[in-house]
Amino acid sequence: MSKEKILITGSGGQLGSVLTEALKDKFGKNAVIATDLRQMENYEGIFELLDATDAVALEALIEKYKITQIYHLAAILSAKGEQNPLQTWDINLKTLFNVLEASVKYKIDKVFFPSSIAVYGDMATKSNTAQDEFLNPSTVYGISKAAGENWCQYYFLKYGLDVRSLRYPGVIGYQSLPGGGTTDYAVEIYHNAVKEEAFECYLKADAMLPMIFMDDTIRATIELMEAPKESITIRTSYNLAGVSFTPEEVVTSIKEHYPNFEVTYKPDFRQGIAEGWPSSIDDSFARNDWNWQPKYDLDAITAEMITQLKKKYNLITQ
Ligand code: SER
């Protein structure tokens, strides 16, 4: 039996719902305590309602389950965050401070904090953006992640807290839907394609962004968390790359399967956010420190998304 007791905030989210299952597979059902603001429907395992802005409630769960690791995934993403900037800052930072403070107080072994490509802004070189590029984020989400990364490093340096972090690209998976991000189109477009519905894209056809398939995302997260402490040289957040592509390139890839797929482009404010972000990422620190290697390119993502979504929508024909 695993000695770990892992608490996850934001377990009901796009990444959280898949990562929670992966951690249960790895450590056992009773080793994982899923938490979210809202009840997770049909969840099998230990679940607790938690508003992570409530430090007392968080600490009570840490005590109740004798937690050894925390994955702090709860956050408001880039596009949604712009609707209420101060509230986004408040929620994203308050929940992080609650996790960091409680982790020091209860001597938590390891903490995971997701950062994002949104930490970069227009001063960073767009192509193959380096680990130590300028961080001048333009969204409140990006500002909260850039500040959050630095606070993680501060808790590592000041208290020795073993907190680890990845700057996720846009995550693409069939298991769950994203909510409120700028990269969400790259999930939604596959749903429309398999349902044989037209798609209206809110980014321009040539908006190239860094993306990563869910399987790679989960593997990167677990590989980072399993890496020996001495090999972790980045204590802010690691650049992480999967694959970069434009909406036009996804459409071409989907058309290999659905030649009649129709897409129109109607850029909105999210195009402005995308223009501030890198088009590709240099993740050599992740590759060197803990042997990161993505597996899925665009066509592999397309094939897997279509196969799995067809099953989800019961569209498999014999
Ligand atoms: N997928 C996220 C977003 O678009 C980026 O971290 O907000």
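Up top is the structure.
Residues numbered from 1 in each chain as written. Predicted model: local features only at pLDDT ≥ 70, side-chain atom pairs only at ≥ 80, totals over all residues. Heavy atoms only, no water.

1. Remarks on the overall build of the protein chain
Move 1: For the protein chain, the helix and strand inventory stands at eleven helices and twelve strands.
Move 2: Scaling as 2.2 N^0.38, a compact globule of 318 residues should have a C-alpha radius of gyration of about 20 Å, and the protein chain matches this with 19 Å.
Move 3: Referenced to the eigenvectors of the C-alpha coordinate spread, the extents of the protein chain come out at roughly 55 × 50 × 40 Å.
Move 4: Residues counted as buried form 56% of the 318 residues belonging to the protein chain. (Helix = DSSP H or I, 4+ residues; strand = E, 2+ residues; numbered from the N terminus. Rg over C-alpha atoms; globule rule 2.2 N^0.38 Å. Buried < 20%, exposed > 50% of the residue type's maximum accessible area, 1.4 Å probe, protein only.)

2. Brief notes about the side chain of T302
Move 1: By the element assignment, T302 lies in helix α11 (residues 298-312).
Move 2: Overall, the relative accessible area of 0% leaves T302 in the buried class.
Move 3: A polar side-chain atom of T302 sits 2.8 Å from a polar atom in the side chain of Y190.
Move 4: Setting aside residues no more than four positions away along its own chain, T302 makes contact with Y190, S253, I254 and H257. (Polar contact = N/O pair within 3.5 Å; in protein donor to acceptor, adjacent residues only side chain to side chain. Contact = heavy atoms within 4.5 Å.)

3. So, the sheet that holds strand β4 (residues 69-72)
Move 1: The strand order across the open sheet formed by seven strands is β3-β2-β1-β4-β5-β6-β10, and the pairing between neighbours is parallel. Among the strands making up the open sheet, the edge pair consists of β3 (46-49) and β10 (238-239).
Move 2: Pairing of strand β1 (residues 6-9) with β4 involves four bridges; the strand directions are parallel. Considered in β4, the bridge of T9 is made with H72.
Move 3: Packed on one face of the sheet, helix α4 (residues 85-105) meets β4, β5 (110-116) and β6 (163-168) and runs near 170° to β4. (Pairing = 2+ DSSP bridges. Axes fitted to C-alpha atoms, helices over the stretch in contact; angles between N-to-C directions.)

4. Points about the sheet that holds strand β7 (residues 170-172)
Move 1: Here three strands make up an open sheet; going across it, the order is β7-β9-β11 and the pairing mixed. Of all strands in the sheet, those bounded by a partner on one side alone are β7 and β11 (243-245). Strand-to-strand twist of the sheet, defined as the mean angle between neighbouring strand axes without regard to direction, takes the value 45°.
Move 2: As paired strands, strand β9 (residues 209-213) and β11 are joined by three bridges and run antiparallel to one another. When the bridges of β11 are listed, L209 appears paired with F245.
Move 3: Running over the sheet, helix α6 (residues 185-194) touches β7, β9 and β11 and is turned about 25° from β7.

5. Some thoughts on the pairing of β5
Move 1: Of all seven residues in β5, seven are buried, a share of seventy percent or more.
Move 2: By the alternation rule, side chains of β5 split into K110, F112, P114 and S116 and V111, F113 and S115, which are all buried.
Move 3: Looking at chain direction, β4 and β5 are connected through three bridges and run parallel. Of the residues in β5, the one forming a bridge with Q69 is K110.
Move 4: Alignment of β5 against β6, held across six bridges, turns out to be parallel. Across the sheet, V111 pairs through a bridge with V163, a residue of β6.
Move 5: Read as a crossover between parallel neighbours, the route from β5 over helix α5 (residues 140-159) to β6 is right-handed. (Right-handed = clockwise from strand over helix to strand, strands pointing away.)

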